Structure formats: structure tokens, C-alpha cells
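Observations on chain architecture
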Amino acid sequence: MVKPKVIFLFLLSLILVIKGQDYSIINLNNKYTFYPDSTSETFCRKLQFYFLVQIIEPNASPIGTLGSDNVNCYQVNGNTTSSIFSCSPTLNLNFSNYSSTFIVNGYSSKGSIEIKYECKGYDIKIEIIQEVTWNTVFKYSSIVKLDGLSDSTSISGIGYVNNYNFKDTYEFMSLGNSYFRILYYENYFLQNFTNLSIWEISFNNSGTIMTISTPYNITKFKNSNIQEEIVDLIQIPGDGQAILNRFYNFGSVIKFRSTSSLQRPINPLFGNMTYIGYLTFNQHINDFNLYKQTDHSTFQGIPITTNYTYQNLPPLKNVTKFTNVDNSSSSMSLFTFQLSSSDLNSTYDFQYYAYSLYQFQDPADFQVFPFGFSSGNNLNYNMTVSVPTRGFSSQSTTQFLICDQYLAQCPTLEVTPSFIIGNNNRTYLKSFETIYVNNFYYLVRFTIANIYGSDFLGDFGIHESLVSGDIKDGVFEILYDAVKFIPTSNDIKNLPTIQLPSVDHLKDITNISYMFNDVNITDKTVENIIYFSFNNIDKYKNLPIGFTLIDPRTLQDIEFTPQYKTLYNIILKSVYIFAIWDEQNSRFYIKFKIPANTSPGVLDWMLVFNRDNYIFNTQLPDECQLRLISTKFDNYGPIVTNIIKYPNSNSTTVIGWLFTIEDEINGFKDGYVTIKGSIDGSIYNITLTSSDMVIGSGNKWKGDYLISIPYLLNDCVSQNYSIHYAVFTDTFGNRNKYYKIRSEYGLNEWMILMGFTLEYSEESTGNPFINFLKDTPAVLQVSTLNVCSKIDLTPPVLISFNASKSSIDVGSLDRSITFNFHSQDLEGLKDDQFPIIYITDSNSKIYQITSSIVSSNLTDIKYTCTMEVPIGFSHPYGFLISVYGFINRGGSYSGFSGSQLKELGFSWFVETKSFSVSQPIITGSSGIGNNGGDLWLYGRGFKNIYDAILSNIIETYSPSMTVLSESAILIKNVKPSNNSINIYLSNTIQPTIQSNTFIIDPKIFYFNYSATPPPTETPSPTETSTSTPLPSTSNKPQSCIGNPVCGGSNQGYCKENVGCICYSPFIGLDCTSKIMAIPQPKPNENKPTTVIEFSNNNYDNYQTTSNISIIAIREVNSVTGEQVKIHYIDKWYYNNISSTISNYQSTILNNNISTTINATLEWFENKSNITFANQELIMNPSTIKYTVELSSYKFSNQLNNLQVIIEAQIQSNENNICSGKEFGDTTTDNSNYIKLQVSSNSIYGRFLKRGIVDGKTVTITNELLDSKLNSISKENNIQSYIGIEIGQYQTSVIIDPDFSLLLDNRIADSYSPNSICSTPSSLKSPTKGLLIGIIIGASLFFIALVIIIGKIIFKKSIEVRIIHVDKDSYNDVWIVGCRFCKIRLLIIFDDGILLEIEEESMEDSVGVFQ
């Protein structure tokens, strides 16, 4: 790709110069024709002209104003000798040759200029590019081209029709080049159901109504033969009641099953096509309807009612406080604010607060407890926060805000700086350029100067990006994603984007296919490849093309919110896989993984070209779709179906809950629960795994789990403990989440994605407590006993606090700093709470780390923690330290701001003047697969790097590289590896210059897919398993042959009614052939052919060559066996999957239907076990397996079958020898075999008698076709054709033969089967000594390495604490324990009663409770 370079240049266009008596007016414009901003407007309002006015006579008066009789102008910038003016006229539509005269100071004689301009309407031509389609992201949408309309123009709908506001039921989204996507809301569909075949919308084009009529083909979405039925409809809670507020947004849901195949905005959950939908809160709407379609033009509505109550919580106060900058220390200036609960008008319930320096208009930094809380408790607290500052400002005051979640009510701290720098605080952009790196990444390099130093350039924080100079005059480099980076009003202008050439990518895309189609994803993740190309391919070769799945499972991973106006939710959060250009086959390919048990049917995906241009699979024809098969669809995480709260009447010393967790398809894997105390703010994070299940309570599909916090008799505070956050995940990654309050759990990232609209993306459908919506959060709250009469108001104190470094080089490799501190409370400290260290820079950016306990007793605890300071953090001003979160046993907490640490004489700041900009540091990389390739490294300090050293468990090496800049390096030809790769950079001239070691985990692809489902685990009680009988393919009993029989006792043995059973590496009916270990043959890049050449070690002039190829597809009459037609395969597309796997694709055209042949060749260097078509097979060493898949084939009639023809051949340049051929049944694996032998070398092929047809295992036959296809038969060259025959099928076929090379103990002679010899007499004695033969193996047939998923084995823990028993059968309980240990046993009975016993075990590893 050409590397685009953008330089900021100003005022380049000097079109016309008019000189007056004293002034010159220079016209800086090149545009004089304008258009309305909206199609409905009848005027042009964003006209803008720029003029440069200069004094041309030394004695002229200073420049005053520029203007005209009908245009207002204002000065942009300038001085007493020259100024730039901007003039903005407003012009009515269709005014042409309009003119204005611009003069200086009102005197035309002093200089004037006249310009002419016009305002034109839009001449729009409508072209339908894509009919109405449906996908998960946009729901219903279409694409049109409005030729003549600019992309930035707003399109105005016509408003009300038949008393319905259609204007609010659709939206236009610009795609560039006059293409627009029309998004149809659900209400449009419901209002338009009487004419579903054509979807019409109209818009106003300067007074003319234009209508867009888009076809809608309902048969693409619905099986018209099946009437839609909604069954098992339930509402949770049943009465639709819910209490909501600004923090809690879990309202009512509906759940039902449907018989329809129509896709809809309500997404399915799991196998029996259960759907779920959220009834959102609207203060004007309580009544909803669930619509089902009864035919092509009729809907039936099912009424659903909600009864929501919304709580308006009191906002924060709009108070203002004043403070001055503290300059008492020469090391750092800071200011401090103090607020109390009365100032904020709020008790604290773990809501988040936003902290922002108003002068910079930064994105707010969101923090929750314990940050800022210096003393008190959640009912009555004080907050103290210190912020470092440079002490000066361009404004008389600086505002620091602490706001509620709406950023509306903000107590304000006004800070008076030490001195004001006025207008001298200007940042000068001295140079600016962008360089394309790879994928969607650009490198921005710029030089800026500011006498006081710079912190930001637009949205870019630049301290960490300094590569030379200093922050007052330095060069900076920033890597940014041109697709995911969304500019704001403060950004640098004219940042480049991925530019598409003048093409129509939707029309140009062609030849879409997949390595595997009709893929069975039941209980397994499947690796696949998509292939595609374009017309006008030269315009696409160098474009970055991103790929991402948008199936329900993948969308859940990126926390996609299904709203029309949140496409950027996908654009920003998707992890893209980028297309690789295959020059040899003239196409792109992308490797990806299909999630297990995701939605069956068509798999949704998208190709992304830039932020505004993408292709969804639903925009493409049926033959371009990837189809999935799954009998266990699951898009839903585990849920809690029963809750027992403790303490209760049966237990007084356990605080928590007993949850019954269910996941009926995938099973529960793990979970995470956060519990918080209502008074003292204590936090408990609990991790659950399947091994934490109460013993005897169930299995992974349904089991009981005890979630509890430590019970402390000496805790002197009565308070509630509530679950604030919970996430439960199943064995394939589906998860459900609950938030009591959206707080620290990804809040900053969430706010940025939502564009500060502060709308909740969470709702009830993904709530693991969905069965308790009416009672949540009450059911998730437990209370302690009233132990004390009052709260201890004396907070914990800080005895010592020390940072290991007072200064740090924020550009060095060692940026770690350790904090050691000691706290005390005479009433007792909670030793299960861990204070948090915060570091803050002068722009209020905050980083944190949680401490750990070194030692403790009842009153004193010593803590430590070590953090790595971010690169360039707060350079050169230093950063402030604070610590919060000390909690005593009496209900009070404390924390210490930077100013408080300073007053106490403790470490309170760290100096950051040093910044080693030349130190190489690797911070990130592009992705790489296990097949190796090129790798980009990102970081800093790369200019003086000469070597990259890579190592894995096998070797260490230094590949070639290209240094693009200080921040990007291209490592070329990284070697294949299935293991982690360690990489560091060095300077061989200066060995002390060396980077950090960066670890890269390659993305692993094996492509060992088999359509056969893996073994099934024990199903849940609600799951019913059925088995499909396998075809009977047993071979007939055979006699044991050979002399000695079966090659002797070292080579095999005889099994009655079976035949010879050979020991590896021997093979054959008599175990006299030996599999040869040979080097892996080099893949043929033109066709799926394996060629092995072998030279005789005793006679160098003699050479043996073997060859295996797929040559044709043959249609035959199943009754007569006659050939109907044959399709020879000449052109193949090659793709190197890994060092041992090669893939080939070809297409044949039959009866105007394309059939794809997909052949995968896999080399087995060592002995391996595989499964294909429900049959376990042994792959011998030096074996090559051919896996062949056929897509659907158009048979000429219903009596015909299909044959895949494989050619096998072996030849030698030796004379006076014999050849032989065998074809028959194997003894042990229900297969046919063919053996072709010349002299003592043989090629051996195994052909299974079963295949996978339309996803089912069926019997197939193998036929020797030598007589029909005229094979070669000579004494030193023997050839065979084998036809693998399949009956009629619908979608796909997979077959799986394999081949090996053999060395025979007996040289082929005239007594060999089907022998051909040159001279019979010469064959009675050995030919020229012992020959070492090699047999070549090439395998044909469709790939089917079946991933066998082993059963998950649940191991009982040695330490038993919780047991579930039947109350009626309760007797002695024997458990594994430890000798002389006190064991506390919690026994949970069926009715929830919890019994607690403590015993001391007296025997090794045995404890008994009676």
C-alpha cells in the first residue's frame, strides 16, 4: 500500500490578489457553488469565504474590519500588518451568479474585491442497491444509492402519514460515495405490514417529495409453510412490577418458544429456540404487544402489561468551594478539596463519582469507594482529594468538578493558580504527518512547542508519546486506529482514514467460499477459512480488510447493545482478523474460529473496510453463506433458580446465600461475586468454580453453591451485606451479569463507548437472577445481628507510609515502585480488607493498585504492594500518592490524600523529571498464527535497534526486520510455533541497549474438523439423548496367511475369524510389509498431489517414485455402473494451513450448479489416533491423509451416484524387475486397501467403507476402476484408479483415505498378485541384493480429524467443608481431612437447614462426624 502522508499546511490557495491604495486583499477560496445542509432546506447557510488582508504601504492605518453590504465578516487571527477574515453569507436556493463586494474599513478605495457564488439544489437519482435484509446488528435494513446527494447531507423524512409519524421509524446512515443504508425500526415493520413486499419511505428534497421503494422478500426470512406459533409465553415477574432508578435498570422480561424460522429483533437463547425480550422503561408506556405473523400480511398482537415505579433519587448539590494552590514544596504544587456527605446531599451506596478538570474539558475519570473517602462511614462521611498542578493557568480560576452519573449536578472546586500566564500559553504545531503502518493503524508524528510544556494535542495525551526533545519542544509519535478512533471537537483535524478507491465493494465481491461448510458445532469450536475475491481486484489487493463474526455468541463477548444508533459499539469493540492476500490464487483468505453451540443456521459475519463501509453476509446471495448445524444451541449463561439466605433461624454464624445455579445445555463453569457492606464499605470478592459445588447437591448442569463472607464475632457493626456484582459463565463462555449499581466494573470504558449519553446498556435479559426480578435487590441482601449499640466513630490511623523511590525514570524498563505501610486501630482492624494505592497526575488521570497484607494482629496490620508506573506518566511534573480503604471493626473507615500524607511526613509524591526516550520498550504487537509470518511490534525507542531475538521451546533466532519509526518495527518471516514466542530487541553495537522481553501467544489453528459430533457428557436431567445407529461395515472373516504365519511372533499374531493382527510398523494381510519412516514430502502448490522420490541406498542409480492424486469426479448409473459424465479437475487453489497441513479447493460446474471440492492433506510424522465417522483409526508414522469434502451436486437423475477418483502410482527406473497389485479388505478397520508394488517398494492406501453424508455417518463403497480408465501396468510402473462411491445427497459429503510407503520383505515376482515381470527366469533369484524401499503416502478424501472432548472429571477436594445430604438418611459422615486438625463441617440438608459441627480428626486423613 502506498503510505499516505498528510502535512498541515495553511492558506495555500492564493487565487486572486486585489491591491488597493493602502491594502491588498488576497482571496483564499476555491469553492463558489454551495448546497443546502439538509434536503428539506431551501437555502445554503454554511457558506464561508476566507480573505487575507495585508498593509502594502508603510504609512497606512492599522487594519480595521472587512465587510460588505450583505455579508458579515470577523477576524480569525492576525496582527497590525496582516489579518485573516472569515465571511459567512446566507443564500437562498437556486440563486446563481450572486455577488458580494468586500471592502476594508468601509472604503472601497482602500482595497476591495468582488466574488460571485451560487446556491444549488440536489438533483437526486435513486438506485436500489440491496433489498431489505435482516441481521443482528441493524435488524431490518436496505442500501440505496442517492446519486447527486453529498454524504454529509441530512435527509429529511416527510413526517406524518395517516396520523402516524413515519419519520421516526427509519433512519439514513451514510456509507460514502452517495450510498446510504436505510435502517427500519420495528415500528415501521408493524405499521407497514399491509404491504410487506415493498417498503416505502419518502423524504423532502427542497419541496419535492421523493419516494424510495425497496423490495422485501419475506420467503428469505420465513418458511411460508410453517405458521408462526408462540408457546410457553411467560412474563417475569408475572405482574410486570419493578422499581427502577438511575442506578438500577432491571425491569420485566418475557420468555417464550416459537415455531417460526423468521428472524427477529428478539434473539434466541438456547436449543429449543427459546426467546427472551426486555420490556424497557418508558414513563409514558406501560402496555406492550408481542406480535406474531400469521401470514404474509397479517399480524396478531399478544398484550403484555408492565407496572414500573421509577424512583427519582436526590441529585448532588450544586455547591462551590474555593481553594488556593499549595506551593509550599518546591517539588510539587497541589490543591486539595474537602467535601462531606452534607455537601453532596447524599448518603453513599457505592455510586460512582466523576472527577474532571474543567479547564481541559477532559473525559471524566470515574471512581468509586474507597477513592477520596478520608473518614466516617457511608451514612456520614468526609472526602479529601488532592490533585497535583503546575501552579499556573491561562485562566483566573481552574474548576475541578465532582459530579453524579449524569454529569449535571456538580459540586465545584474553584482553584486560584499561583500566577496567570495569559495568552502566552499557546501550543505551536511545527510539523505534522501520518504514516500508514498496517491493518487499520496509522502512525501520527508531530512536533509541537509550548514554553510551558504541552499535555494534550486534541484528544491525544502526549506525555507517553515523546520520542525526542522534551515536552516544551519535542517530537511525538502516536499509533492510532483509523477505524476505532472516533474524533471529537477537540481533536486534531484532518486525521487520515482508510480511503477506498472509486469502487463498489458490494457489487465487486465475488467467489466467496469456505474451507468447511455445513459445519456441525455441537459441543466444539471449529476452525475455518473464508475465501473471497473482487472484480477490479487490483484496486483491492493492498486494502486492509477486517473480519469479525457477529453471531450471538461473539456479540455477547463484546457486550454489544442491540440499538440502531450504536453500530460503533461493534466497530469500537470488535477484535478484527485481517484478510491475507494470496497472490498465487488471486484471492483473500481469513482464518477464524466458530464458537461452539452458537446459533444454528446461517453464521453472521461482516467485512470492514473503514468506519463507514462494510459488508454483512446477509447482503450476499444464499450460495455465499456459511451454514451451521448444532443440536445444542446455547446463547445464555447460567442462572440462579433458588436462593436461601443466611443467617436464618437455622444458622446464626453464616452470612451469605445458598444459590442453586443451573445451565441446562453447556453446564456451569465458574463465577465471580462481589459483596459490599452498607455501613463500613467493606468489599468481598468471591470466585466460584464447579469444584466449589456443595457435595452431593447435583452436577454442573444444576448444583448448589454457598456464597458467604467471614463471620467475625468481634465485628461491632450492624449492617446489611448486598451483592453488588455477579457474573456466571458456562463451559463455552456464555455469561450472565448482574449489577446493583453500574460502578467500577468497566465504567470508564463504558462511558466512552456510550458517548457520555449515560444510558444503561444492561437490562434484565442477561441477569443471572432473572427469576427474582421482583425481589431484587432485596433477595440479594442479608443482615448481621445488632451486636453493638453504636458505630465506632474513631477511624483507623496511619503509623507509617513509605514509597521505595522518591524519583523514577518513566522511560526506563524498571518503572516499578513498592509501597510499604502500617495502619492501626485500637478497636480492631478488618484483616480481610485491602487498602488501595492511587497515583494521580496533573490532569487528574488516576491509576491504582490493591495492597496485600504482610502481617497482622487484632489492632495492627502491615501492608505492601508494588506497581509499575505507566510509561511517561506525569512527566516531568511528578505524581501524587494517596491511599484509601482502611476499615475497622466498628464500622468506620479512613483514607489519606496526598496533602494528608505530606502533613504526616510520609511519602506523598514521586518525581518524574527523567524520561529515557531512547530506551526501547515493546508495548504491543499485531497478531500472528501458529503458521508464522510477519509480525509488527509497537512501542518506543526503536530507532537504534538492529536485531530482534525470538525464542520458543525449540530454538532461538534473529529474523530480518524493518524499522519504520521510533514506535513501529516489522519482524519478517517469524517461524511457525504452537508455543509462546519470547521476543526482545537489541543494539549489537551498544549491547547495553536492550528492550524488555515481550511474550506473544500465537493463535492456534489445526483445522482438524470432523462433522462427527464429539462424545457427549452425561446430560442434564432435562436433556434427552438419542443415538443414531451406525452403518454396519465389518469385513468378512479372513484366514491367517504367511510363512511364518503373520510374519512371525515379532511382527504379528493370528486372531480367529479376523485374520492377522500386525504389530506396528508392520502392515498387510500377512504382516510382512514394513511402514518406512521417510522425510515429509514437499507440498505441491498446484494440485493435491503427493510425490515421493526414493533412492536405493545400495544402488544410487536406481530410484523409486510414488504419486497420489485426486483427478476427477465421476457420475455413474447406480444400476448399470455406466459412466454418465466425468469432471476432470485441472485448476486448484492452494493454501498452506500449517507445516503439516495443506488445503486445496476447486470448483466444477454441472447443470449450472457449482460444486466445491475441498481437499485437505495432512502429514503424520508420528503414530496418532484419530476419529472419523464415529470410527477410531490409527494413523501410522509417515502417513499422509487426504480429507475430501464435496458441496451439493446436481445429479442428472435420481438413479445416479457420484465417485471421487483417486490415482495411485509407483514406478522405478530399474529394469528386470516385477510389479504387483492387490485390492481387497483389511482385517481390523473395516476398510478396503490397495497395494501397488515395484520390486521391494510399495505404496499402500486405505479406503474406509464409511463417510459423512449430509452430516450423518453412512456406508460407502470403493471400486477399482483400472479396466474402465486404462491404468498403466508395467514391470517397473504400476498405476491404479480407485473410485470412492457415494449415493445421492443434499448438502455435503466427507471422505477420508490415507496412504503410506512400505518396504516389503519379499520382492515382487511372478507369484505376486496380478504381477507383471520383464523376464520370468530373472525373478527366481533376488535382484542385485537387498533393496531398501520406500512407499509414499498421499491421502485423499474429506478431512475429518474429530476433536474428542474428554469427559470433565470432577475431583473431590481433600479438604471437605460443605456437604449436601438427605435429612432422612443422615447418619455418620466420613470425610477426608488431616491428622489432628480441627475441621468445621457445614452440612446442608434438602430443606435448606444448615448444621455446623466442629471436630478434631485423630487419625491420618480420616475424620468422622456423628
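Anyway, here's the lowdown on the structure attached to this text. (Residues numbered from 1 in each chain as written. Predicted model: local features only at pLDDT ≥ 70, side-chain atom pairs only at ≥ 80, totals over all residues. Heavy atoms only, no water.)

Our focus in this paragraph is the side chain of Asn-1201. You can see Asn-1201 is positioned in strand E93 (residues 1200-1212). In terms of polar contacts, Asn-1201 uses its side chain to reach the side chain of Glu-1285, at 3.0 Å. (Helix = DSSP H or I, 4+ residues; strand = E, 2+ residues; numbered from the N terminus. Polar contact = N/O pair within 3.5 Å; in protein donor to acceptor, adjacent residues only side chain to side chain.)

Before going further, it helps to spend a moment on the nonpolar core. Judged by nonpolar contacts, the single largest core of 113 residues is most densely connected at Phe-532, Leu-607, Phe-801 and Phe-819. Excluding residues that lie within four positions of it along the chain, Phe-532 makes contacts with Ile-509, Thr-510, Asn-511, Ile-512, Ile-545, Ala-579, Arg-587, Phe-588, Ile-590 and Leu-607. (Core = buried A, V, L, I, M, F, W, Y, C linked by side-chain atoms within 4.5 Å. Buried < 20%, exposed > 50% of the residue type's maximum accessible area, 1.4 Å probe, protein only. Contact = heavy atoms within 4.5 Å.)

A word on the layout of surface pockets. When its volume is computed, the second largest pocket comes out at roughly 1600 Å³. What lines the second largest pocket is a set of 44 residues, among which Asn-439, Phe-578, Ala-579, Ile-580 and Gly-927 lie closest to the centre. Looking at the lining of the second largest pocket, the elements that each hand over two or more residues are strand E38 (428-438), strand E48 (577-578), strand E49 (580-582), strand E50 (587-594) and strand E73 (933-940). A class-by-class count of the residues in the lining of the second largest pocket yields 24 nonpolar, 12 polar and eight charged. (1 Å grid on protein atoms, 1.4 Å probe; cavity = no way out; pocket = protein on both sides within 12 Å on 5 of 7 lines; lining within 4 Å. Points joined across faces, edges and corners; volume = space filled by probe spheres on them. Nonpolar A, V, L, I, M, F, W, Y, C, P; charged D, E, K, R; others polar.)

Enumeration according to the criterion identifies 56 aromatic pairs in this entry. Relative to Tyr-739, the ring of Tyr-725 lies with its centre 5.3 Å away and its plane at 45°, an arrangement referred to as tilted. Remark: Tyr-739 occurs in strand E61 (residues 735-739) and Tyr-725 occurs in strand E60 (residues 720-730); sequence separation between them is 14 residues. We classify Tyr-739 as buried; its relative accessible area is 5%. Relative to Phe-873, the ring of Tyr-847 lies with its centre 5.3 Å away and its plane at 80°, an arrangement referred to as edge-to-face. Placement of Tyr-847 in strand E66 (residues 846-850) and of Phe-873 in the loop between strand E68 (860-868) and strand E69 (879-887) is noted, with a sequence separation of 26 residues between them. A relative accessible area of 33% means that Tyr-847 is categorised as partly exposed. Every member of this aromatic cluster is reached through a ring pair, and the members are Phe-532, Phe-534, Tyr-540, Trp-581, Phe-588 and Phe-609. A cation sits over an aromatic face here: Lys-1131 above Tyr-1133, 5.3 Å from the ring centre. (Phe/Tyr/Trp six-rings, centres within 6.5 Å; stacked < 30°, edge-to-face > 60°. Lys NZ or Arg CZ within 6 Å of the ring centre and 35° of its normal.)

What follows deals with the state of the cysteines. This structure, assessed with the given rule, holds five disulfides. Bridging Cys-44 to Cys-119, the disulfide has an S-S length of 1.9 Å. A torsion of 80° about the S-S bond marks the disulfide between Cys-44 and Cys-119 as right-handed. On the criterion of sequence distance, the pair formed by Cys-44 in strand E4 (residues 43-44) and Cys-119 in strand E11 (residues 107-119) is long-range, its members being 75 residues apart. Take Cys-44: its relative accessible area is 0%, and that puts it in the buried class. Judged by its relative accessible area of 1%, Cys-119 falls in the buried class. In this model Cys-1218 forms its disulfide with Cys-1317; the gap between the sulfur atoms is 2.0 Å. Here the disulfide of Cys-1218 and Cys-1317 is right-handed, its torsion about the S-S bond being about 120°. Here Cys-1218 is found in strand E94 (residues 1218-1225), whereas its partner Cys-1317 is found in strand E104 (residues 1316-1317), with 99 residues between them in sequence. (Disulfide = S-S within 2.5 Å.)

Pairing is antiparallel across the open sheet formed by four strands, whose spatial order is E72-E73-E77-E76. The strands lining the two open edges of the sheet, one partner per strand, are strand E72 (921-925) and strand E76 (961-963). When strand polarity is set aside, the average angle formed by the axes of neighbouring strands in this sheet is 25°. Pairing analysis gives four bridges linking E72 to E73, with the strands arranged antiparallel. Directly across from Ile-921, in E73, lies its bridge partner Arg-940. (Pairing = 2+ DSSP bridges. Axes fitted to C-alpha atoms, helices over the stretch in contact; angles between N-to-C directions.)

Summarising the element assignment, Ser-258 is placed in strand E22 (residues 253-258). Remark: the alpha-carbon pair of Ser-258 and Lys-292, spanning 34 residues in sequence, is separated by 9.4 Å.

Taken as a whole and assessed by the stated rule, the structure comprises 23 salt bridges. Two residues, Asp-538 and Lys-541, come together in a salt bridge whose shortest N-O distance is 3.3 Å. A relative accessible area of 60% means that Asp-538 is categorised as exposed. Linked through salt bridges whose partners overlap, the residues forming this network are Glu-433, Arg-445 and Glu-477. (Salt bridge = Lys/Arg side-chain N within 4 Å of Asp/Glu carboxyl O.)

Another aspect to go through is the sheet that holds strand E44 (residues 509-514). Two strands in a sheet stick together by hydrogen bonds in their backbones, pointing the same way (parallel) or opposite ways (antiparallel). What the four strands build is an open sheet, ordered E44-E46-E50-E49; its pairing is antiparallel. Two strands bound the open sheet, and with one partner strand each, they are E44 and E49. Strand-to-strand twist of the sheet, defined as the mean angle between neighbouring strand axes without regard to direction, takes the value 30°. Pairing of E44 with strand E46 (residues 526-534) involves four bridges; the strand directions are antiparallel.

Functional significance is not addressed by these values, which are geometric in nature.
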